[in-house]
Amino acid sequence: MTMSTTSDDGEGKTAKRQSIDFKTLGPAIALLILCIIGFLLNPAFISEGNLTNLLTRSAFIGIIAVGATFVITAGGIDLSVGSMAAAIAGVMIIVMNNAVETLGTGVPTVLLGCGIAVLLGIGAGWINGALTTKGKIEAFIVTLGTMGIYRSLVTYFADGGTLSLNFDIRGTYRPVYYDSFLGLPFPVWVFIGVAICGWLLLNRTAFGRYCTAIGSNEAVAKYSAINVDRVKTLTYIIQGLCVSFATIIYVPRLGSASASTGVLWELEAIAAVIIGGTVLKGGYGRIGGTILGALILTTIGNILNFTDMISNYLNGTMQGLIIIVAVLLQRSDWKLGKN
Amino acid sequence: MLLKKALGVMAVTSALVFAGSAVADEKIKIGVSYPTPTHAWAAGMNWHAEQAEKRLEKLYPDVDLILVNSPDPGAQASALEDLVSVHQIDALVVLPFESEPLTDPVLNVKKSGAWITVVDRGLSQPGIEDLYVAGNNPELGRVSAQYMKGRLKDGDNIVVLRGIPTVIDNERFDAFMAEIEGSGINVLDHKHANWNRDDGFEVMQDFLSRFPDIDAVWAQDDDIAIGVVAALKQAGRDGNGMFVVGGAGMKEIIKGIMDGDELIPVDVLYPPAMIATAMDATVNAFKSNGPVAGRYILGATLITRENAESYYFPDSPF
């Protein structure tokens, strides 16, 4: 979470540097304020246990949001990620349970499950991408459709109930969520890894610049000899891959998947991306901001659980207010008199 | 003989329609309408309805049960129309999607002369149904609180995880708090975990960070309880007599109780099998010489190691 604050503001904006500092720092300031509020409400907020919980919890939405940053930067949208995560989790559990007889309950079975998850993620992302580009359907409609399909598939697989991972495999797989390396739980390491790769891909490669170009103006990008369809499809594949990584670290947590798995994750991921400073209509993306956005969203929920000052029924109001304020902080013109 | 008697009763109330269907074939047709299962509890209900159908049709060859599930209130209203016009049902067992939009459609079935049994969710107009079968939400809260009072002493601390903010949740919670009041047990805080494992896990993690001393947890629901147990184990706070009370009667939880699980030692019943109770009672309305009409409110039975086996259905999805 430290790597992300200042390093990645868009290039080519140096002329406006003095005035955009606040904009790039907006999400970081919002997060800092939230943490101070959390600490004032209850000093246990900064206990090691709570901070670890918070980071680990952010990993799901954070990893998915890194993928969403690419899709949104390139001018697309993916509403299917929550359902996709549920469907992948469901298939993973079924495959692993069925592999017990041939592969046993050890590491090979878990690796098989993870492999299947990655393949499904790539496949599902490709379907979204191909339907958007080759099928020439708006991304909103394509992914609204696949959202419904994946959600009902997991309901069908689970026979309306809950799919549960074989108890012995759970023992093998459990450390992936619960164990730590150098004081940080594994999901946080995966989150960091995905974030670094995402940052490099968006800011240091031709592919990243193509995404930005397509999001800014698709027609111009096309005339500039960018293979628009291929790049756009790739953004959905990256999104699918991120969903499969998130699912791989989600499944060992409770070892189950049902129709209520991953509900509204798509909206949380999109909110994280936008809070982080990426523009919803495309053309400008910030991975670092996205990560802060994911942390902010998780922290809000965490703080609300740490106080009984606010009625439970108003949780949604608080979340909505903080999201709007966080975005307001970085969007509005804060140049104070210069304008 | 009994059949004739039932036919006679029905004929008084709805001579026209009934005569039509009874002459066409001699079977008693009972429509059973409920929402398409989208969560585990409803899937359990679906399973129990199918079990009851097989059992009752075998027991009474002249009874024909027609099971229909619908994905939304509109579809359920259409399904009710079809049950009347196509199947010409003699009785309807209905678990309404929502009370408001289905009150009129059920009233129309009633006007056709059919017997009406309403399950779990009441209609918004009183007096339509002949029989009402439901679980008991306030009782679920009260029974849970009574168990807590039996296990805990003055000054012990508990936390409460609630469901989705609804009337059902409020009834359970208010009754629980009323029963706990005056016992000296402190309810540290209560938060909504939306009858969901993931939310149960996260809310409990936060409770554990926030309160260093928790003696027991009321999770209200078995899915929440599973998340709570995962959080307790992660924090290593699952010992020292800590226990969790859920609710509903999920098969995995019942199995754990049978095996003597100390973390979830009991469960409070809010059974999806109530649809089967309703189907049985409706068939009895035609077959029994005893009166059936009225209200049938199930108890919120406390499931313990001693009685768990009779509530365990390993083949049900719930």
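Predicted model only: the values in this text are computed from it and were never measured. (Residues numbered from 1 in each chain as written. Chains lettered and ligands numbered in written order. Predicted model: local features only at pLDDT ≥ 70, side-chain atom pairs only at ≥ 80, totals over all residues.)

A. Molecular detail of the interface of chain A and chain B. Each partner contributes residues to the interface: chain A has 25 residues there, and chain B has 27 residues. For the side of chain A that touches chain B, the secondary-structure elements that each account for two or more residues are α2 (48-73), α11 (228-254), β4 (256-258) and α13 (287-305) of chain A. A breakdown of the residues in the side of chain A that touches chain B according to their chemical character gives 6 nonpolar, 15 polar and 4 charged. (Contact = placed C-beta atoms within 7 Å. Helix = DSSP H or I, 4+ residues; strand = E, 2+ residues; numbered from the N terminus. Nonpolar A, V, L, I, M, F, W, Y, C, P; charged D, E, K, R; others polar.)

B. Looking closely at the nonpolar core. Residue and element names in this part refer to chain B. With 96 residues, the main nonpolar core has V228, I275 and M279 as its most contacted residues. Among the elements that take part in this core, helix α11 (residues 274-287) stands out by supplying 9 residues, more than any other. Of the residues that make up this core, three or more belong to each of domain 1 (2-134 + 272-287) and domain 2 (137-268). The contact partners of I275, leaving out residues within four places of it in the chain, are Y34, M45, H48, A49, L95 and V119. (Core = buried A, V, L, I, M, F, W, Y, C linked by C-beta atoms within 7 Å. Buried ≥ 20, exposed ≤ 12 C-beta atoms within 10 Å, placed from the backbone. Domains from an automatic or database assignment.)

C. Layout of the domain arrangement of chain B. According to the domain assignment, chain B consists of domain 1 (2-134 + 272-287) and domain 2 (137-268). Of note, the centres of domain 1 of chain B and domain 2 of chain B, computed from C-alpha atoms alone, are 36 Å apart.

D. Molecular detail of the environment of N136(B). All names here are of chain B. Tracing the backbone through its elements, the reader meets N136 in the loop between β5 (131-134) and α6 (137-151). C-alpha of N136 to C-alpha of I168: the two residues are 32 residues apart in sequence and 9.5 Å apart in space. When sequence neighbours within four positions are dropped, the list of residues in contact with N136 reads I297, L298, G299 and A300.

E. Up close: α13(A). End to end, α13(A) covers 28 Å across 19 residues, agreeing with the expected 27 Å (1.5 Å per residue, within 8%). Summarising burial for α13(A): 18 of the 19 residues are buried, a large majority. (Expected span 1.5 Å × (residues − 1).)

F. Spatial organisation of the sheet that holds strand β11 (residues 294-297) of chain B. Residue and element names in this part refer to chain B. The sheet built from 6 strands is open, its strands ordered β2-β1-β3-β4-β5-β11 with parallel pairing. Unpaired on one side and paired on the other, β2 (63-70) and β11 mark the two borders of the sheet. Across the sheet, the mean angle separating the axes of adjacent strands is 15° when strand polarity is ignored. Here strand β1 (residues 28-35) pairs with β2 via 8 bridges, running parallel. From the neighbouring strand, Y34 faces β2, where its bridge partner is N69. Helix-sheet contacts for helix α3 (residues 40-59) involve β1 and β2, and the interaxial angle to β2 is about 165°. Each of β1, β2 and β3 (91-94) touches helix α4 (residues 73-85); the most contacted strand, β2, lies at about 160° to it. (Pairing = 2+ DSSP bridges. Axes fitted to C-alpha atoms, helices over the stretch in contact; angles between N-to-C directions.)

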